[in-house]
Amino acid sequence: MERALGASDQRMTKSSNSTAQPQTEKLTESDSQTAFAPLFKIVLFDDDEHTYDYVVEMLVACCGLSRGSAFRCAVEVDLSGKTTVFYGPLESCRRRCDKIHAFGADPRLPRSKGPMKAEVQAR
Amino acid sequence: MWMPDELARRALAYFGRILGKEIPSREALAALPASELLLLADKLPDGFLPAMVGLLKGVGPHGFEKLLGDHEEENRELSERFFERYRAMVLEPDHSEDDNPLEIWLPREACHDLAFLSTRQAFFLRQEIRHINEWLERHFQLGPFPPAGQEEAWSALWAHLTSA
């Protein structure tokens, strides 16, 4: 799963001055925004209008999960009623959530009339 | 899959015999330690795995956590084996590249119901253009449409059906 870089992943820019002068660490504005960007997640909710096959196919296409991971999410949403399928920055979550909602009905079930319900939540 | 009570009772009795201890209820099944639950799954024939999962449904998130082996390394192998077998049981077999999903899931006769057909738009647009062209030609004598012409093909199908 895609994750936003945490503060520990950010490398602060250092002066190239190699003298014994104390080096000043600077955090650029974009570094700062990334480092402190709150993480979000996409939660997928269970219903009886979608098959395991649909959930796997949809999560591979919309969230970039492997088939194995997508299948585990399908089992979890079936058993527990919901599952987290993606973690990331807000915009990334919104984009993928829109893809889930645009994935449409499950062609395998005649009674399926639309996509699964998913929403972006703060972690 | 939600199992009727009588069937659930028989399945639990069978599971109990396999495990060598009484499992009187769904809650008791869900309360088994992860290692025992996975051992039970390992001993069950493939065809009973959906029933076992069905019995764990609705007992809360710990049912799924136990199938994951409660994230204990000692349970990992059993958990991996469970998911592999269960996946083979419940997912449809891989179709060959030559299988046309539209032929499988969008029968010609269903296209007369425009309300139903509209719910299949996203599915239609996801298909490869070669499958769309093959399907439209066979059933509606429409096309062929160029690569990336899914939207155009959908509009042509819709226009064809609404003008008929």
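Every value quoted in this text rests on a predicted model; they were computed, and no experiment measured them.

K.L.:
Would you take a moment to explain the overall build of chain B for this structure?
P.N.:
Tallying secondary structure elements over chain B gives eleven helices and zero strands in all. Counted from the first residue to the last, chain B has its helices and strands arranged as α-α-α-α-α-α-α-α-α-α-α. Here chain B has a C-alpha radius of gyration of 23 Å; the compact-globule value for 164 residues is 15 Å, and the former is much larger. For chain B, the C-alpha atoms occupy an extent of roughly 65 × 35 × 25 Å along the three principal directions. Relative to its 164 residues, chain B shows a buried fraction of 20%.

K.L.:
Please clarify how the interface of chain B and chain A should be interpreted in this entry.
P.N.:
In many reports, interface size means the accessible area that the parts give up when they come together. Facing 19 residues of chain B, the contacting portion of chain A comprises 18 residues. The residue inventory of the side of chain B that touches chain A, partitioned by class, reads twelve nonpolar, three polar and four charged.

K.L.:
Please explain helix α4 (residues 90-101) of chain A as it appears in this structure.
P.N.:
Note: α-helices contain 3.6 residues per turn, so residues at a spacing of three or four share the same orientation. Residue and element names in this part refer to chain A. Relative to the 16 Å expected for twelve residues at 1.5 Å per residue, α4 spans 16 Å between its end C-alpha atoms, a close match to the ideal helical length. Within α4 the residues assigned to the buried category are Cys93, Arg96, Cys97 and Ile100. All buried residues of α4 project into a common sector of 105 degrees when viewed along the axis, lining one side. If you follow the buried residues of α4, they end up packed against β1 (40-45), α2 (52-63), β2 (82-88) and β3 (118-122).

K.L.:
When you look at the packing of α2(A) against α4(A) in this model, what are you seeing that I'm missing?
P.N.:
All names here are of chain A. Where α2 meets α4, the closest approach of the two axes is 9 Å, and the angle between their N-to-C directions is 145 degrees. As for the relative orientation of α2 and α4, their crossing is right-handed in sense. In this structure, α2 uses Met58, Cys62 and Cys63 to contact α4, whose residues at the interface are Arg96, Lys99 and Ile100. By residue class, the composition of the contact of α2 with α4 is four nonpolar, no polar and two charged.

K.L.:
How should I be thinking about the nonpolar core in this particular structure?
P.N.:
Grouped burial of nonpolar side chains is what soluble globular proteins tend to show. All names here are of chain A. Counting 43 residues, the largest nonpolar core has Val55, Leu59, Cys73 and Ala74 as its most contacted members. A per-element tally of this core places α2 first, with eight residues. Every residue in contact with Val55, bar those within four places of it in the chain, is listed here: His50, Ala70, Cys73, Ala74 and Val77.

K.L.:
Teacher, can you tell me more about the packing of α2(A) against helix α3 (residues 67-80) of chain A here?
P.N.:
The axes of two packed helices give the description: the angle between them and the distance between them. Residue and element names in this part refer to chain A. Two elements in contact, α2 and α3, have axes whose closest approach is 8 Å; the angle formed by their N-to-C orientations is 130 degrees. The angle between the axes of α2 and α3 places the two elements in the oblique class. Considering the relative orientation of α2 and α3, their crossing is right-handed. In this structure, α2 contributes Tyr52, Val55, Val56, Leu59 and Val60 to the contact, and α3 contributes Arg67, Ala70, Phe71, Cys73, Ala74 and Val77.

Thresholds, definitions, all that
The residue numbering used here restarts from 1 in each chain and proceeds along that chain's sequence as written. Chains carry letters from A onward and ligands carry numbers from 1 onward, assigned in written order. Selection of residues for local features in this predicted model requires a pLDDT of at least 70, selection of side-chain atom pairs for listing and counting requires 80 or more, and totals for whole chains, interfaces and linings are taken over all residues. By the criteria applied, helices consist of DSSP H or I runs no shorter than four residues and strands consist of E runs no shorter than two, each listed in order from the N terminus. As defined in this context, the radius of gyration uses C-alpha atoms, and a globule is described by 2.2 Å times the residue total to the power 0.38. Buried means a residue has 20 or more other C-beta atoms within 10 Å of its own C-beta, exposed means 12 or fewer, and partly exposed covers the counts in between; C-beta atoms are placed from the backbone. Placing a C-beta atom from the backbone of each residue, one calls two residues in contact when those atoms lie within 7 Å. Classification convention: Asp, Glu, Lys, Arg as charged; Ala, Val, Leu, Ile, Met, Phe, Trp, Tyr, Cys, Pro as nonpolar; all other residues, Gly among them, as polar. One less than the number of residues in a helix, times 1.5 Å, gives the span that helix is expected to have. Picture the helix axis, draw a direction to every C-beta atom, and the arc is the one those directions span. What counts as an axis is a line fitted to C-alpha atoms, over the stretch in contact for a helix, and the angles between N-to-C directions run from 0 to 180 degrees. Take the far helix as the reference: if the near one is turned anticlockwise from it by less than a right angle, the crossing is left-handed, and if turned clockwise, right-handed. The nonpolar core criterion groups buried Ala, Val, Leu, Ile, Met, Phe, Trp, Tyr and Cys residues into a set whenever they are joined through C-beta atoms within 7 Å. Small angles under 35 degrees read as roughly parallel and large ones over 145 as roughly antiparallel, with 65 to 115 read as roughly perpendicular and the rest as oblique.

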